[in-house]
Amino acid sequence: MKLKFVKIGINGEGIGFHNRMPVFCDGVLPGETAEVEIIDQKKTYAKAKLLKIIAHSPDRRKPFCRYYDECGACALMHAKSEYQTACKKELLEEALFKYGNVKRHFVRRFHESELTSGYRNQCKLPVSENNGKLVTGMYKPGTNHFTEIPSCLMHDPALEKARRQILDVLNRYHMKAYDAKAEKGIRYLILRHLNKQTQCTLITGKDRIPQSCINDLMKIENMTSLFQSVNTETKGTAFFGSTPSLLAGKETIEVSLKDIKLFLSPESFFQLNFTQAEKMYETAVSKVDPCGLLVEAYCGVGAMSLMASKKAEQVIGIEYIQDAVDNAKENARQNGIRNCDFIAADAADGLYKAARLRAVDCLLADPPRSGMDENMLDAILKVLPKKIIYISCNPATLAKNLKVLKQNYLVETIIPFDLFPNTPHVETITVLTKNS
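Residues numbered from 1 in each chain as written. Predicted model: local features only at pLDDT ≥ 70, side-chain atom pairs only at ≥ 80, totals over all residues. Heavy atoms only, no water.

## Details of the overall build of the chain
Of regular secondary structure, the chain possesses 10 helices and 21 strands. Against the 2.2 N^0.38 benchmark of 22 Å for 436 residues, the chain shows a C-alpha radius of gyration of 23 Å, consistent with a compact globule. Taken over the C-alpha atoms alone, the chain extends approximately 65 × 65 × 35 Å along its principal axes. Looking at the chain as a whole, 53% of its 436 residues qualify as buried. When the accessible surface of the chain is totalled, it reaches about 20700 Å², and 49% of it is carbon and sulfur. Placing the 60 positive and 50 negative side-chain charges of the chain at their respective mean positions leaves the two points 3 Å apart. (Helix = DSSP H or I, 4+ residues; strand = E, 2+ residues; numbered from the N terminus. Rg over C-alpha atoms; globule rule 2.2 N^0.38 Å. Buried < 20%, exposed > 50% of the residue type's maximum accessible area, 1.4 Å probe, protein only. Areas by Shrake-Rupley, 256 points an atom, 1.4 Å probe, with all protein chains shown as cover. Lys, Arg positive; Asp, Glu negative; His and termini not counted. Charge placed at Lys NZ, Arg CZ, Asp CG, Glu CD.)

Structure below.
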């Protein structure tokens, strides 16, 4: 079927219309005409497979990764960088107006990433076997079909080098991929590389890693710490199983964020694009006014709380995961910051607890892709912080949350940041002030 595509979707796919029904197709840009095959017909939309581009967009380029088609993770790599920025801004503005009735003039200058490849400092990869050798790869989006990806251009080159060397060592010891029935083998490889430090966690079955293998893994250049986590769960999508146990090296790796030092354990969340994350956090903290009580919800390891500590008499960070709270407390101790406290709680419960101590002047929040839940929105509208600085990685859930918060707050500004070049993802900082 020949089809003209007119829009771009939230996942980077092209959108055309056939008999007034939207047709979604990966790898097509707005303005292009393509030969496609319908592969999934629903009542209100259809999905198509790209067969051939007939009329090319001037904004198209050849993807620079040889595994672009097999992987599917970089859904906008076929678009020029300038056009990617325009698409992300358009998707952001459309979502804000559609779901939150927030007009586009609130969206400020788009902060592009200096690096368009080699920016990811962490990878979490499934492990399989090919010709008796361990390999890493990806599951095709929406499937459980494993595809070997021998290299990734989005990974920091040092991260990629470590990944290859780790696989070489594991293969020398004839390690096997995970067998669910036997509950043995290597299931996932999780790596983080920052400041010439590599932190490796092997997600395995009920295996005992030979000491000689551990020793050889620790001989890899920049290898700082090696962990093992046992995960034999058959349901769910979590990578980690048991709490990671240290096999060798240091418990944490150290990273400097402006004048703050952070100590990251394997399960600690940290943004994948370090350079852009530093700029985004610095911008968010710059929007904090000198105040009495600053609360950071979904605080993770406490990075922004610590960065903003000089602007508040008291800072309370709220995080649901106890390990992250312990990590945040240790980060505060290591930096000699005494006005920050961190509590393990649901975001809403934590905000209520903080408000019972004193009036909340400013709320910093960086929720997951699902956004703030109803309980948190209710808590905010009852506690009524004077100012909210909301970091979001999902324009749709941001917009829906803003629609609720606009009952008592004015949107001042929305600042977009690109942390994931070649993908449709965009991060934003939204500043809201209480409506007097």
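## Observations concerning the pairing of strand 6 (residues 122-130)
In this structure, strand 6 lies alongside strand 9 (residues 186-194), joined through five bridges in antiparallel fashion. Bridge pairing in strand 9 places Lys 124 opposite Ile 190. Pairing of strand 6 with strand 7 (residues 133-139), which is carried by four bridges, proceeds in the antiparallel orientation. Bridge assignment links Val 127 to a residue of strand 7, and that residue is Thr 136. Two successive antiparallel strands, strand 6 and strand 7, enclose a turn made up of two residues, where Asn 131 displays a positive phi of approximately 55°. (Pairing = 2+ DSSP bridges.)

## Some thoughts on the pattern of salt bridges
Per the counting criterion, the structure on display carries 19 salt bridges. A salt bridge links Glu 183 to Lys 206; the nearest nitrogen and oxygen atoms lie 3.0 Å apart. Taken together, the residues Glu 183 in the loop between helix 3 (157-172) and strand 9 and Lys 206 in the loop between strand 10 (197-204) and helix 4 (211-218) connect sequence positions 23 residues apart. Its salt-bridge partner being Lys 387, residue Asp 289 comes within 3.2 Å of it at the nearest N-O pair. Taken as a pair, Asp 289 in the loop between helix 5 (274-286) and strand 15 (291-297) and Lys 387 in strand 19 (residues 387-392) lie far apart in primary sequence, 98 residues in all. Each of the salt bridges in this network shares a partner with another, and the network as a whole consists of Lys 89, Glu 93 and Arg 104. (Salt bridge = Lys/Arg side-chain N within 4 Å of Asp/Glu carboxyl O.)

## Overview of the sheet that holds strand 12 (residues 245-249)
Strands sit in the order 8-7-6-9-10-11-12 across an open sheet of seven strands; the sheet is mixed. Of all the strands in the sheet, just strand 8 (146-148) and strand 12 have a single pairing partner and so form its edges. For this sheet the average axis-to-axis angle between neighbouring strands, irrespective of direction, equals 35°. Examined bridge by bridge, strand 9 and strand 10 share eight bridges and lie antiparallel to one another. Along strand 10, the bridge assignment pairs Leu 194 with Gln 197. Helix-sheet contacts for helix 3 involve strand 6, strand 7, strand 9, strand 10 and strand 11 (223-230), and the interaxial angle to strand 9 is about 145°. In the packing of helix 4 onto the sheet, the strands contacted are strand 10, strand 11 and strand 12, and the crossing angle to strand 11 comes to about 140°. (Axes fitted to C-alpha atoms, helices over the stretch in contact; angles between N-to-C directions. Contact = heavy atoms within 4.5 Å.)

## Thoughts on the packing of aromatic side chains
Enumeration according to the criterion identifies four aromatic pairs in this entry. Judged by centre distance (4.8 Å) and plane angle (70°), the rings of Tyr 188 and Phe 239 are edge-to-face. Here Tyr 188, found in strand 9, pairs with Phe 239, found in the loop between strand 11 and strand 12; they are 51 residues apart in sequence, far enough to count as distant. Here the guanidinium or amino end of Lys 400 rests over the ring plane of Tyr 99, the centre of that ring lying 4.8 Å away. (Phe/Tyr/Trp six-rings, centres within 6.5 Å; stacked < 30°, edge-to-face > 60°. Lys NZ or Arg CZ within 6 Å of the ring centre and 35° of its normal.)

## Details of the environment of Asn 335
Structurally, Asn 335 is set in the loop between helix 7 (322-334) and strand 17 (340-344). Expressed as a C-alpha distance, the spacing of Asn 335 and Leu 306, which sit 29 residues apart in the sequence, is 8.4 Å.

## Quick look at the environment of Asp 26
Locating Asp 26 in the fold gives a position in the loop between strand 3 (21-25) and strand 4 (33-41). Taking the C-alpha atoms as reference points, Asp 26 and Leu 357, separated by 331 residues in sequence, lie 51 Å from one another. Non-local contacts of Asp 26, meaning those with residues more than four positions away in its chain, are made with Glu 13, Ala 48 and Leu 50.

Read these as layout, nothing more, since geometry by itself doesn't imply function.
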